[in-house]
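Analysis of the macromolecular model
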Amino acid sequence: MEKGQIIKALSGFYYIQSESGKIYQTRARGIFRKDNITPLVGDYVQFFFETEKEGTLEEILPRKNELKRPAVANVDTGIIIMSMTDPAFSPSLLDRYLVSLEYNAIQPVIFITKTDIASEDEYEKVEKECQVYKDIGYTVILPERQVEWSTDEIHAALEESVSGKTAVFMGQSGAGKSTLLNKMDSSLQLKIGETSKSLGRGRHTTRHVELVPLLGGLIADTPGFSALQFEIIEEAELSSCFPELWEMGMNCRFNGCVHQNEPNCAVKEAVEAGDIASFRYTNYLSLLEEIQNRKPKYGKKGDRT
Ligand SMILES: Nc1nc2c(ncn2[C@@H]2O[C@H](COP(=O)(O)OP(=O)(O)O)[C@@H](O)[C@H]2O)c(=O)[nH]1
Ligand SMILES: [Mg+2]
Ligand SMILES: [Zn+2]
């Protein structure tokens, strides 16, 4: 029996990268279907093989986490691609991505694109906002203004976050995910400027997810990302997805304080004192209200965009 990781699932085949780096084409044992288990890209598995094209996926090892969109298991790093301009940098969107990563115990990395075309004012504004995220402890990669980074510079900035890990690129359409991946590996030749609409989002086409070997790790090359899990996060769990709120919340008077209307709330006091950025707190409150106002869902989890 060999150990490996599923890097691609297509037309009933699972492509497994073995520990030695070789890729095997396998089919899953019938028992998975019977037990209603779907192997996922990213799964660590045990498999047998006759040849490189004829293998059998025998067993799925326990998952560390599981993202719905893209459907990838065992994600270590989430690289959030945020453009500085076109579309404009949005801390509230960034916070949504961060919450979904924190919730799944995935290490976030923030990468800012399009700094080469940003105005001086845009750059200064985003730089200040990025400093807030750095102060919280997040890794923020911010290239200089009017500069386009070379492949080597991009590799150097991302190597530590990707090497030996399973990573996913996430970020809204047009942020520059495909452009960045192509710069990291020109053989990928991903289409640029392709919108999620033209890729059939919303219809029942299943685009395949693939992990590509890069920088000594694997990166999920996916055109879109909407694995925001506000359907399952509970009210009381949300502040644990905002590290600086979580830390300050230890000092709140009430056990289970959600830092909204409670008296003697240490988080609110820290916001007033300027120790917690007010835009972070505002984004927290609006997500909290979203959770409080959501209606019970009866559909299948992860089926909605
Ligand atoms: N000037 C500039 N344009 C970029 C950069 N990254 C992406 N673009 C452009 O932004 C548009 C969307 O890029 P794309 O990589 O398709 O975004 P994706 O939807 O996130 O994959 C394309 O027209 C790219 O040429 C960048 O760093 N600088
Ligand atoms: Mg793209
Ligand atoms: Zn509180």
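Worth saying up front: this structure is predicted, and the values here are computed from it rather than measured.

1. Focus on the overall build of the chain
Helix and strand counts for the chain stand at eight helices and 13 strands. Out of the 305 residues belonging to the chain, those deemed buried represent 46%. Long-range pairs, those at least 24 residues apart, make up 67% of the contacts in the chain between residues at least 6 apart in sequence. Working note: accessible area of the chain is about 16,000 Å², and carbon and sulfur atoms make up 47% of it.

2. A few points about the coordination of the zinc ion (ligand 3)
In the first shell of the zinc ion (ligand 3), the protein supplies Cys252 (SG), Cys257 (SG), His259 (ND1) and Cys265 (SG), at 2.1 to 2.4 Å from the metal. What the four donor atoms of the zinc ion (ligand 3) show is an angle range of 103 to 116° at the metal, which sorts the shape as tetrahedral. When the donor residues of the zinc ion (ligand 3) are listed from N- to C-terminus, their spacing reads C-x4-C-x1-H-x5-C. Per residue, the accessibility class of Cys257 equals that of Cys265, and both read buried.

3. Brief notes about the pairing of strand S11 (residues 166–170)
Within S11, five of the five residues are buried, leaving the element largely enclosed by the surrounding structure. Burial of S11 is two-sided: the residues Thr166, Val168 and Met170 facing one way and the residues Ala167 and Phe169 facing the other way are all buried. Bridge analysis of strand S8 (residues 77–83) against S11 gives four bridges, and the strand direction is parallel. Its bridge partner being in S11, Gly78 is matched across the sheet by Val168.

4. A few points about the site of ligand 1
Taken together, 13 residues lie near ligand 1, and Asp116, Gly174, Lys177, Thr179 and Gly193 sit nearest. Note that a nitrogen atom of ligand 1 is positioned 2.8 Å from one of the side-chain N or O atoms of Asp116. Gly176 is positioned with one of its backbone polar atoms (N or O) 2.9 Å from an oxygen atom of ligand 1. Out of a free accessible area of 580 Å², ligand 1 has 75% covered by protein chains. Of the residues contributing to the shell around ligand 1, the split by class is three nonpolar, seven polar and three charged.

5. Considering the side chain of Glu58
With respect to the secondary-structure elements, Glu58 resides in strand S5 (residues 54–60). Look at Glu58 and you get buried, because its relative accessible area is 18%. Not counting chain neighbours up to four residues away, the residues in contact with Glu58 comprise Met1, Arg29, Phe32, Gln46, Phe47 and Phe48.

6. Describing the confidence of the model for the chain
Residues of the chain with pLDDT of at least 70 account for 89%, and the chain-wide mean is 89. Confidence drops under a pLDDT of 50 for residues 197–206, and excluding neighbours within four residues, the segment shows 10 contacts in the predicted structure. The low-confidence segment residues 300–305, where pLDDT is below 50, has 11 contacts with residues more than four positions distant or belonging to other chains.

7. Focus on the packing of helix H4 (residues 151–162) against helix H5 (residues 177–184)
With their axes 9 Å apart at the nearest point, H4 and H5 run at an angle of 100° to one another. When the interaxial angle is binned, H4 and H5 end up roughly perpendicular. For the pair formed by H4 and H5, the contact residues are Thr151, Ile154, His155 and Leu158 on the first element and Leu180, Lys183 and Met184 on the second. Among the residues making up the contact of H4 with H5, the classes are represented as four nonpolar, two polar and one charged.

8. Regarding the nonpolar core
Residues Leu57, Ile80, Leu94, Ile110 and Ile112 are the most contacted members of the largest nonpolar core, which totals 41 residues. Summarising the domain contributions, this core has at least three residues from each of domain 1 (2–60) and domain 2 (66–220). Non-local contacts of Ile80, meaning those with residues more than four positions away in its chain, are made with Leu94, Tyr97, Leu98, Leu101, Pro108, Val109, Ile110, Phe111 and Met170. Of all hydrophobic cores here, the second largest spans 21 residues; its members include Ile141, Met184, Leu190 and Leu214.

About the cut-offs
- Residues numbered from 1 in each chain as written.
- Chains lettered and ligands numbered in written order.
- Predicted model: local features only at pLDDT ≥ 70, side-chain atom pairs only at ≥ 80, totals over all residues.
- Heavy atoms only, no water.
- Helix = DSSP H or I, 4+ residues; strand = E, 2+ residues; numbered from the N terminus.
- Buried < 20%, exposed > 50% of the residue type's maximum accessible area, 1.4 Å probe, protein only.
- Contact = heavy atoms within 4.5 Å.
- Areas by Shrake-Rupley, 256 points an atom, 1.4 Å probe, with all protein chains shown as cover.
- Donors = N, O, S within 2.8 Å, 3.2 Å for Na, K, Ca; no water.
- Tetrahedral: all angles 85-135°; square planar, octahedral: opposite > 155°, others 65-115°.
- Pairing = 2+ DSSP bridges.
- Near = heavy atom within 4 Å.
- Polar contact = N/O pair within 3.5 Å; in protein donor to acceptor, adjacent residues only side chain to side chain.
- Nonpolar A, V, L, I, M, F, W, Y, C, P; charged D, E, K, R; others polar.
- pLDDT = per-residue confidence, 0-100.
- Axes fitted to C-alpha atoms, helices over the stretch in contact; angles between N-to-C directions.
- Parallel < 35°, antiparallel > 145°, perpendicular 65-115°, else oblique.
- Core = buried A, V, L, I, M, F, W, Y, C linked by side-chain atoms within 4.5 Å.
- Domains from an automatic or database assignment.

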